[in-house]
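Commentary on secondary and tertiary structure
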Amino acid sequence: MRGVRWITMIRYLIKRLLLAIPTFLGITLFVFCLANMAPGSPVDVLANSANLSPEAYAELEHSLGLDKPIIVRYGIWLGDLLQGDMGMSTRTNAPVSQVIGERVGNSLLLTISGLILCLIISLPLGVLSAYKPGSAWDSVANVVAFLGSSLPGFFISLILAYFFAAKLGWLPATGMYDSNGPHTLVELIRHMIMPTFVMGFTMCGEFIKQTRSSMLEVFNDDHVKTARSKGLHEPQVIIRHVLRNALIPLVTMIALSVPFLLGGAVVTEQVFSWPGLGSLMVLSINQRDYNAIMGVTVFIAAGVLICNLILDLLYAKLDPRIGVGS
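Residues numbered from 1 in each chain as written. Predicted model: local features only at pLDDT ≥ 70, side-chain atom pairs only at ≥ 80, totals over all residues. Heavy atoms only, no water.

Bringing the overall build of the protein into the picture now. Counting secondary structure elements, the protein contains 14 helices and zero strands. Starting at the N terminus, the α and β elements of the protein follow one another as α-α-α-α-α-α-α-α-α-α-α-α-α-α. A burial count over the protein gives 37% of its 326 residues as buried. A separation threshold of at least 6 residues defines the contact pool for the protein, and within that pool the share at least 24 residues apart is 72%. Total accessible area on the protein stands at roughly 17900 Å², and carbon and sulfur atoms take up 67% of it. (Helix = DSSP H or I, 4+ residues; strand = E, 2+ residues; numbered from the N terminus. Buried < 20%, exposed > 50% of the residue type's maximum accessible area, 1.4 Å probe, protein only. Contact = heavy atoms within 4.5 Å. Areas by Shrake-Rupley, 256 points an atom, 1.4 Å probe, with all protein chains shown as cover.)

In this section: the packing of helix 5 (residues 96–131) against helix 12 (residues 277–286). Axis separation between helix 5 and helix 12 bottoms out at 8 Å; the angle between their running directions is 135°. As the angle between them shows, helix 5 and helix 12 are arranged oblique. Note on element contacts: helix 12 touches helix 5 through Leu 277, Gly 278, Ser 279 and Leu 280, opposite Val 99, Ile 100, Arg 103, Val 104 and Ser 107. When the residues that make up the contact of helix 5 with helix 12 are grouped by side-chain class, the tally is five nonpolar, three polar and one charged. (Axes fitted to C-alpha atoms, helices over the stretch in contact; angles between N-to-C directions. Parallel < 35°, antiparallel > 145°, perpendicular 65-115°, else oblique. Nonpolar A, V, L, I, M, F, W, Y, C, P; charged D, E, K, R; others polar.)

With that settled, consider the nonpolar core. Membership of the largest hydrophobic core comes to 28 residues, with the highest contact counts inside it found for Val 144, Met 194, Met 203, Phe 207, Ile 208 and Trp 274. Of all elements in the fold, only helix 5, helix 6 (136–150), helix 7 (153–167), helix 8 (185–219) and helix 11 (247–271) reach the threshold of two or more residues within this core. With 10 residues, the top contributor of residues to this core is helix 8. Contact partners of Ile 208, with chain neighbours within four places excluded, come to Ser 122, Leu 125, Gly 126, Ala 141, Val 144 and Ala 145. The next biggest cluster of nonpolar side chains, apart from the first, holds 24 residues, and it includes Leu 78, Tyr 290, Ile 293 and Val 296. (Core = buried A, V, L, I, M, F, W, Y, C linked by side-chain atoms within 4.5 Å.)

This part is about the environment of Ile 27. Within the element layout of this structure, Ile 27 appears in helix 1 (residues 2–37). Taking relative accessible area as the criterion, Ile 27 reaches 33% and is therefore assigned partly exposed.

Let's shift gears to the pattern of salt bridges. The full count for this structure, using the stated rule, is three salt bridges. Here Arg 212 ties to Asp 138 by a salt bridge, and the two come within 3.2 Å at their closest N and O atoms. Of this pair, Arg 212 sits in helix 8 while Asp 138 sits in helix 6, placing them 74 residues apart in sequence. Take Asp 138: its relative accessible area is 7%, and that puts it in the buried class. (Salt bridge = Lys/Arg side-chain N within 4 Å of Asp/Glu carboxyl O.)

Applying the stated criterion to the full structure yields six aromatic pairs. Ring geometry for Tyr 162 and Phe 163: centres 5.2 Å apart, planes at 85°, overall edge-to-face. Of the residues examined, Phe 163 reaches a relative accessible area of 42% and is grouped as partly exposed. With centroids separated by 6.1 Å and ring planes inclined at 45°, the aromatic side chains of Phe 164 and Trp 170 adopt a geometry described as tilted. Owing to a relative accessible area of 55%, Trp 170 belongs among the exposed residues under this scheme. A network of ring pairs unites the aromatic residues Phe 32, Tyr 74 and Trp 77 as a single cluster. (Phe/Tyr/Trp six-rings, centres within 6.5 Å; stacked < 30°, edge-to-face > 60°.)

On to the packing of helix 5 against helix 6, then. Where helix 5 meets helix 6, the axes come as close as 8 Å, and the angle between the chain directions of the two elements is 135°. With respect to each other, helix 5 and helix 6 are oriented oblique. In this structure, helix 5 crosses over helix 6, and the sense of that crossing is left-handed. For the pair helix 5 and helix 6, the contacting residues are Ile 121, Leu 125, Leu 128 and Ser 129 in the first and Trp 137, Asp 138, Val 140, Ala 141 and Val 144 in the second. (Left-handed = near helix turned anticlockwise from the far one by under 90°.)

Attention now moves to unusual backbone geometry. Even without being a glycine, Asn 93 presents a positive backbone phi close to 60°. Phi is positive for Arg 288, which is not a glycine, with a value near 55°. Residue placement: Arg 288 occurs in the loop between helix 12 and helix 13 (290–318).

Attention shifts here to the layout of surface pockets. Of the volumes computed, that of the largest pocket is approximately 460 Å³. Only helix 1, helix 4 (70–82) and helix 13 provide two or more residues apiece to the lining of the largest pocket. Looking at which element gives the most residues to the lining of the largest pocket, the answer is helix 4, with four residues. Within the lining of the largest pocket, the residues separate by chemical class into nine nonpolar, six polar and five charged. In this structure, the second largest pocket spans a volume of roughly 330 Å³. Around the second largest pocket sit 18 residues that line it, and Arg 16, Ala 20, Leu 305, Asn 308 and Leu 309 are the ones nearest its centre. Among the secondary structure elements, those contributing two or more residues to the lining of the second largest pocket are helix 1, helix 11 and helix 13. (1 Å grid on protein atoms, 1.4 Å probe; cavity = no way out; pocket = protein on both sides within 12 Å on 5 of 7 lines; lining within 4 Å. Points joined across faces, edges and corners; volume = space filled by probe spheres on them.)

Here it is in structure tokens:
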């Protein structure tokens, strides 16, 4: 029976991988076409900083391969990508893989911290709200959920920067470290407080509401009533029987939050000048750095697909019927 279960899980994994391939190709093709059809090009950006003759302009355009049709350029780019080559950044003249490697750790640090903060806030409030509907905790959870869902991230960022950085001077407003200060863990944490809070708080609303509704459904199940009738303490009932069975919708919420986290990082990193992939994407778009745009797109798309794949497997582990039926 155990062997059959493993075979089923492997088939489920292969099916998900096969579905991920056309998804990845569709995302990269769409972004490639969108970036190349936007007004301007890397040659135009370079021409603004140097007086290029028409011959030099055409030669530079040819050297970058921009005189070929879009679909041909996409095929060339995809072939290079499959060989591990993301191309060179026209903005820095450095390999795109190197440019991304310098920033990816910063973005992961911010996004993971934001997700952890969201769970720390959301799970206790959602559990208390479901356990005692109509109580003070329920009111607090509703207020936090409303504010987290309704306030835009950029607005929260500007409010925090105004009060805690400009007015009070308690926290730094930009960067990972002070330009002339030491690169210590304390300084890093001080610089992380505001952007991490923004990323975590803006997700709290949906997580609180999902946790509350999921647990309210499970509270009325027969196995919970049976556990209480056996004399189990209420914390044991909540953790072992209620929260565990309410995890499946929460796993789905985490999977859906990954694109939101990465998308929200673009705005948050830009407001706080955080040197991550989000700010790199904005800078690359402004400079028409096609290779860097595609490099960030590949990383984000691959990250989202891998996270969804892992969470799909975890989903199937929590509910074995999913792997069998999918």
